[in-house]
Amino acid sequence: MAAYRCLRCAWLLLVFISSWYVVVSSEETTQGHDRVSVADNPQTAADTAKQPLEERRWEATQVDKAVPDDAAAAAHKQDFPVPDSVLTPTPQLNDEFKEELVIRPLHSGDIYASFQFRTVWETDFTRGSKVSHYRLFPKSLGQVISKFSVQELHISFTQGYWRTMQWGQPYHPSPPGAELWVWFQDTVTDVDATWKELTNVLSGIFCASLNFIDSTNTVQPSASFKPLGIANGTDHRFLRYATLPREIVCTENLTPWKKLLPCGSKAGLAVLLKSEKLFHSSFHSQAVHIRPVCQDQQCKTMSLELRQTLNVVFDLHTSGQGKREWSLFKMFSRTLTEACPLAASSKIYIDITDNPQEEQFELSPATPLLSQAVVLGDRRTFSVYDLTQQVTFGTVRSLNVLIRWKSTEGDMLRPLLHAERYVAGYGLQTGEIHTLMYNNHPFRSFPVLLLDSVPWYLRLYIHTLTVTSKGKDNKPSYIHYEPSKDRVRPHLLEMLVQLPPHSVTEITVQFERALLKWTEYTPDPNHGFYVGSSVISALVPSTVAMNTNITEEQPLFSTFFPCKEESSYFVRVYTEPLLVNLPTPDFSMPYNVICLTCTVVAVGYGSLYNLLTRSFQIEEPNPGLAKRIANIIRKMRGVPPL
């Protein structure tokens with residue numbers, strides 16, 4: 001046993017000596033190579049010895065690029081091994097973020113506030129390049145665009161209906177409920193499958209019911225919803241459009257929307273987005289728009305634009321104030337203390353076009369900055385508060401813009417185009433849809449493009465379609481109609497109609513209500529079924545020359561829709577959603593049947609079971625009063641009872 005232990009120790013000693021010899025030999029070889037490199041270039045070696053390790057490695061990379069000979073470069077890289085993480089420089093981030101708030105006092109005493117957040121990133125997802133570093137652009141949306149090959153994406157969540165005749169035209173129109181329309185790149189092979197997967201992903205991002213979008217409420221327009229950004233082609237096979245008119249907008253939709261901002265809701269204009277104030281309003285709409293845009297007039301460089309908008313209208317009466325006085329604190333319960341540190345521009349615009357001499361309302365604190373912009377075919381004047389300037393906040397380090405009304409007089413300019421829609425008829429078998437389009441221009445006519453998507457359970461009689469203007473037939477110059485398939489796809493109707501000046505154009509079509517299966521009814525079927533809004537797109541004549549320069553510095557709220565002509569501007573109008581009653585069975589009948597059956601079982605079978613299982617016993621009659629008294633006396637005497 002002792003000999004075996006000695007032999008084992010000898011083997012371990014031999015292995016240790018061999019390992020030490022190999023290490024010493026490798027170090028001598030490395031030092032020899034280093035001496036040869038220093039001898040070849042002694043000045044570089046001396047300078048390099050004075051520099052830190054990281055600078056030495058970066059300098060070695062620059063020398064490699066300067067050497068023209070590939071063999072010499074390869075040998076030099078062997079002498080100076082540099083990791084890839086050190087060689088890869090930090091990518092140049094060409095992104096920019098701007099934020100704006102536009103406040104427009106309305107003649108009804110209400111106030112309209114529109115938030116604009118714009119992030120421009122100089123990158124191109126269409127070339128198939130993968131981006132892994134994000135700074136201002138939200139990574140969740142960037143991955144969605146890259147994975148699903150999205151060219152343009154427009155999504156909105158709206159609570160309430162925009163009253164055009166009382167409030168005028170909005171900066172960013174949207175229908176009640178949820179709206180989603182997407183342009184895919186031409187590299188997508190199966191658009192329907194990609195569309196379905198995209199809606200499920202967006203449903204998770206925005207915490208909404210977009211997963212209910214399927215083929216029964218999705219259409220493929222042929223003329224409407226042209227790309228708002230750069231487009232290589234307009235093949236409508238890569239376009240999908242869907243609405244959910246019954247979607248309820250809540251705080252759970254606003255929270256993920258705010259998280260997409262570079263500063264979140266911690267700084268800048270986003271601190272005003274308080275949910276309990278925003279949802280206590282007459283109208284609330286939040287949207288996300290993603291599109292490719294040009295950086296210069298020649299469009300040599302393309303960028304990706306993310307525009308987040310939020311529009312809200314505060315009612316004078318629901319606010320509980322009782323007087324026409326507004327301020328940031330009364331509207332949002334907060335004031336502004338600083339701009340977003342990541343924002344290149346942060347401004348507040350107050351529309352004072354109808355108040356040049358402060359005759360209608362007074363603005364406090366006053367600002368010397370004024371700006372003019374052409375918005376919706378009209379030249380508007382704005383008072384500007386620049387939040388990037390410390391003088392804007394004053395000595396109290398807080399900004400609370402106050403609007404105090406002096407007079408209620410003044411007329412609002414009627415919008416040149418607006419529309420209405422309603423359902424006529426009686427009973428639950430047939431009906432008629434009426435769409436009214438108003439052209440309020442005194443002497444100009446212009447064409448409008450109408451898109452109407454009707455669910456399959458309203459079976460349209462397209463031969464009853466009529467278009468009348470001023471009591472005469474108005475034949476559309478273009479009609480595109482796709483009939484529905486039960487439980488597969490909805491109706492799609494597109495028309496190009498010329499609206500005469502100062503006229504009302506009425507479009508009517510009859511329909512028949514279908515009888516659904518009992519599993520297809522909603523939990524509250526007697527409430528009715530919603531039909532999405534009609535979409536009207538038009539180039540409306542402008543009273544002033546429109547600005548067609550896309551690269552000129554302009555406010556964000558005036559550059560959403562591209563303008564290619566100076567004499568007209570683009571307008572998109574949405575009608576009211578329809579609420580239609582369908583033939584509904586008596587869903588209380590199962591309940592009645594269950595109650596009746598249970599009653600029969602309880603009364604009939606219960607009585608029979610009671611008779612069969614009950615045991616009968618003969619009870620003696622109760623003794624009389626005299627006998628009971630006698631028994632008591634006998635008990636007291638100790639005598640047995642009678």
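This text goes with the structure placed above it.
On a predicted model such as this, the values are computed, not experimentally measured, just so you know.

Caption draft 1: How the structure looks around the state of the cysteines. A full pass over the atoms with the stated rule returns one disulfide. Free of any disulfide, Cys 207 has its nearest cysteine sulfur in Cys 250, 9.1 Å distant.

Caption draft 2: Geometry of the pairing of strand β22 (residues 503–513). Two elements, strand β16 (residues 430–439) and β22, share ten bridges in a ladder whose sense is antiparallel. Paired with Leu 436 across the bridge in β22 is Glu 506. Pairing analysis gives eight bridges linking strand β18 (residues 458–469) to β22, with the strands arranged antiparallel. In the strand pairing of β22, Leu 460 is matched with Phe 511.

Caption draft 3: Fine view of the pattern of salt bridges. Here the structure, examined in full by the defined rule, presents 17 salt bridges. Across the pair Arg 118 and Glu 305 runs a salt bridge whose closest N-O atoms are separated by 2.5 Å. With Arg 118 in strand β2 (residues 111–121) and Glu 305 in strand β8 (residues 302–314), this pair connects stretches of sequence that are 187 residues apart. Judged on exposure class, the residue Arg 118 and its partner Glu 305 are both buried. We note a salt bridge from Asp 351 to Arg 380, for which the minimum N-O separation is 3.0 Å. With a gap of 29 residues between them, Asp 351 in strand β10 (residues 345–351) and Arg 380 in strand β13 (residues 378–386) connect regions that are remote in the sequence. Comparing Asp 351 with Arg 380, the two get one shared label, buried. Members of the salt-bridge network, linked through shared partners, are Arg 118, Arg 291, Glu 305 and Arg 307.

Caption draft 4: Inspection of the layout of surface pockets at higher detail. Computed from the structure, the second largest pocket encloses a volume of approximately 940 Å³. In this structure, the second largest pocket is lined by 30 residues; those nearest its centre are Phe 212, Asn 217, Leu 244, Tyr 457 and Tyr 530. At the level of elements, β6 (239–244), β17 (446–454) and β23 (529–531) are the ones that each hand at least two residues to the lining of the second largest pocket. Residue composition of the lining of the second largest pocket, grouped by class: 15 nonpolar, nine polar and six charged.

Caption draft 5: Looking closely at the side chain of Ser 346. For Ser 346, the location among the structural elements is in strand β10. Since its relative accessible area comes to 0%, Ser 346 is described here as buried. In terms of polar contacts, Ser 346 uses its side chain to reach the side chain of Glu 99, at 2.8 Å. If near-sequence neighbours (up to four positions away) are discounted, Ser 346 is found in contact with Glu 99, Leu 269, Ala 339, Tyr 385, Asp 386, Leu 387 and Thr 388.

Caption draft 6: Seen up close, the sheet that holds strand β20 (residues 478–482). Taken together, the five strands give an open sheet; going across it, the order is β20-β21-β17-β24-β25, and neighbouring strands pair in antiparallel fashion. The outermost strands of the open sheet, each flanked by one partner alone, are β20 and β25 (568–574). Taking the axes of each pair of neighbouring strands and ignoring which way they run, one obtains an average angle of 15° across the sheet. Across four bridges, β17 lies against strand β24 (residues 535–541) in antiparallel orientation.

Caption draft 7: Focus on the nonpolar core. Leu 328, Leu 336 and Ile 348 are the most contacted members of the largest nonpolar core, which totals 76 residues. Membership of the second largest hydrophobic core comes to 22 residues, among which are Val 374, Leu 417, Met 437 and Val 448.

Caption draft 8: Structural detail: a nonpolar patch on the surface. Together, Val 601, Tyr 605 and Tyr 609 make up a nonpolar patch on the protein surface, roughly 350 Å² of accessible area in all. The partly exposed category is assigned to Tyr 609, whose relative accessible area is 48%.

Rules behind the numbers
- Residues numbered from 1 in each chain as written.
- Predicted model: local features only at pLDDT ≥ 70, side-chain atom pairs only at ≥ 80, totals over all residues.
- Heavy atoms only, no water.
- Disulfide = S-S within 2.5 Å.
- Pairing = 2+ DSSP bridges.
- Helix = DSSP H or I, 4+ residues; strand = E, 2+ residues; numbered from the N terminus.
- Salt bridge = Lys/Arg side-chain N within 4 Å of Asp/Glu carboxyl O.
- Buried < 20%, exposed > 50% of the residue type's maximum accessible area, 1.4 Å probe, protein only.
- 1 Å grid on protein atoms, 1.4 Å probe; cavity = no way out; pocket = protein on both sides within 12 Å on 5 of 7 lines; lining within 4 Å.
- Points joined across faces, edges and corners; volume = space filled by probe spheres on them.
- Nonpolar A, V, L, I, M, F, W, Y, C, P; charged D, E, K, R; others polar.
- Polar contact = N/O pair within 3.5 Å; in protein donor to acceptor, adjacent residues only side chain to side chain.
- Contact = heavy atoms within 4.5 Å.
- Axes fitted to C-alpha atoms, helices over the stretch in contact; angles between N-to-C directions.
- Core = buried A, V, L, I, M, F, W, Y, C linked by side-chain atoms within 4.5 Å.
- Patch = residues over 30% accessible without salt bridge, like charges linked within 9 Å, V, L, I, M, F, W, Y side chains within 5 Å.
- Areas by Shrake-Rupley, 256 points an atom, 1.4 Å probe, with all protein chains shown as cover.

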